[in-house]
Amino acid sequence: MGAVLASAATPAAAFSAASDTFPLWTGGVPGKGATVPVEELVERGKAPGVLDRALFGISEPRMIVVRPARADGSAVLICPGGGYRRVVIDREGYEVAHWLAARGVTAFVLIYRLPAEGWTTGADTSLIDAQRAMRLIRAKAAQFGVDPARLAVMGFSAGGHLAADLAARFATVAQPPVDIVDTLSARPMLAAPIYPVIAMEGPLAHAGSREKLIGAEAPPEVARAHDPSANVPPDAPPHFLVHAEDDGAVPVGNSLRLREALKARGIAVETHLFETGGHGFGLAAGRPAGAWPQLFMAFASARGLVKPPPG
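Residues numbered from 1 in each chain as written. Predicted model: local features only at pLDDT ≥ 70, side-chain atom pairs only at ≥ 80, totals over all residues. Heavy atoms only, no water.

### Considerations on unusual backbone geometry
Trans peptide bonds make up most of the peptide bonds, and negative phi angles are found at most residues other than glycine. The phi dihedral of Tyr84 is positive, around 60°, even though this residue is not glycine. Positionally, Tyr84 belongs in the loop between strand 6 (75–79) and strand 7 (87–88). (Helix = DSSP H or I, 4+ residues; strand = E, 2+ residues; numbered from the N terminus.)

### Here we look at the packing of aromatic side chains
Evaluation of the coordinates by the stated rule reveals eight aromatic pairs. Ring pairing ties together the aromatic residues Phe156, Tyr195, Phe281 and Trp292, which thus form one cluster. Note that Arg113 overlies the ring of Trp119, its terminal NZ or CZ placed 4.6 Å from the centroid. (Phe/Tyr/Trp six-rings, centres within 6.5 Å; stacked < 30°, edge-to-face > 60°. Lys NZ or Arg CZ within 6 Å of the ring centre and 35° of its normal.)

### Structural notes on the pairing of strand 3 (residues 40–43)
Because side chains alternate across strand 3, one face comprises the buried residues Leu41 and Glu43, and the other comprises Glu40 and Val42, none of which is buried. Taken together, the four bridges between strand 3 and strand 4 (residues 53–56) define a ladder with antiparallel strand orientation. Looking at strand 4, one finds that Glu40 is bridged to Phe56. (Buried < 20%, exposed > 50% of the residue type's maximum accessible area, 1.4 Å probe, protein only. Pairing = 2+ DSSP bridges.)

### What about the sheet that holds strand 8 (residues 106–111)?
Pairing is mixed in the open sheet, where eight strands are placed in the order 2-5-8-6-9-10-11-12. If you trace the sheet from one side to the other, it starts and ends with strand 2 (21–23) and strand 12 (269–274), each paired once. With direction set aside, neighbouring strand axes in the sheet form an average angle of 20°. Pairing between strand 6 and strand 8: four bridges, direction parallel. If you follow Ala75 over to strand 8, its bridge partner there is Thr106. The strands touched by helix 2 (residues 90–101) within the sheet are strand 5 (62–66), strand 6, strand 8 and strand 9 (151–156), with strand 6 carrying the most contacts at an inclination of about 165°. Sitting on the sheet, helix 5 (residues 158–169) touches strand 6, strand 8, strand 9, strand 10 (191–194) and strand 11 (239–244), and the angle it makes with strand 9 is about 145°. (Axes fitted to C-alpha atoms, helices over the stretch in contact; angles between N-to-C directions. Contact = heavy atoms within 4.5 Å.)

### Looking at the nonpolar core
Counting residues in each nonpolar core, the largest one holds 87 residues, and the members touching the most others are Met63, Leu100, Leu110, Trp292 and Phe296. Looking at this core element by element, the count peaks at seven residues for helix 3 (residues 125–139). In contact with Trp292, other than residues within four places in its own chain, are Met154, Phe156, Ile194, Phe240, Val242, Phe274, Phe281, Gly282 and Leu283. In terms of nonpolar packing, the next biggest core, distinct from the first, is built from ten residues, Ala164, Val232, Leu241 and Ala261 among them. (Core = buried A, V, L, I, M, F, W, Y, C linked by side-chain atoms within 4.5 Å.)

Taken by themselves, the reported measurements are silent on function.
In structure tokens, the structure reads:
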């Protein structure tokens, strides 16, 4: 994909030069405040040859497309995590995208704006980008070689919150439409929040994500407005949930809270809990939690997102 390796802080302009990068907005990014953040790409990894990069100060939201050698028409929008303070692009972005692409799925890694960086759209900033990404994929479905009806969302940690928020508030008008793309549906065919942040108050809340999304002192009504479990609509898509019970950062109760809310609405939900795995395990290759990607593919096949393998 032509990714940039950064040993410390690298201007994100270099990273943006990667092939198959599609800006979400071509007529100017909405919601600009008095100042616009300056992008930075930081290498956080310590293991030789293992990338673990994070983007800060995202000013130009975009999608990076990872295309399969033989596409089956399915597509997944991937929302990496990072506590709404950064976007972690490798373990919860590119690695997952390449895994999906190897199985015929066209993957779109979403580089979304962060709500606490001065955007006038505040806590809805990341959701606006996710809605726009879904609509843009549908608008350019022929160009991407995907079926606009077979489009899912997957997210990790705070990105799992974004995926669940999109699945709950896909029809919310978070900002006025700017062009014909915004007339298309942002509803995912199915949603896969992986070890997601869900609660915005109480002992289940992830304090860092809450602070960056709605503020540490947000009143209960604001917390509820941004808790996906409190906003499940009757036409929410089926959900696939994954969490480790020993997650010390985002308690497993977050996934259970969302599961309960979905069940109460009659929404199909498949839930996989692993005894160990901690937080931020990504594909978790070689570990017990590493079973989840294949379980997701079985779920996606049963729901018609992906085509089952021949034979």
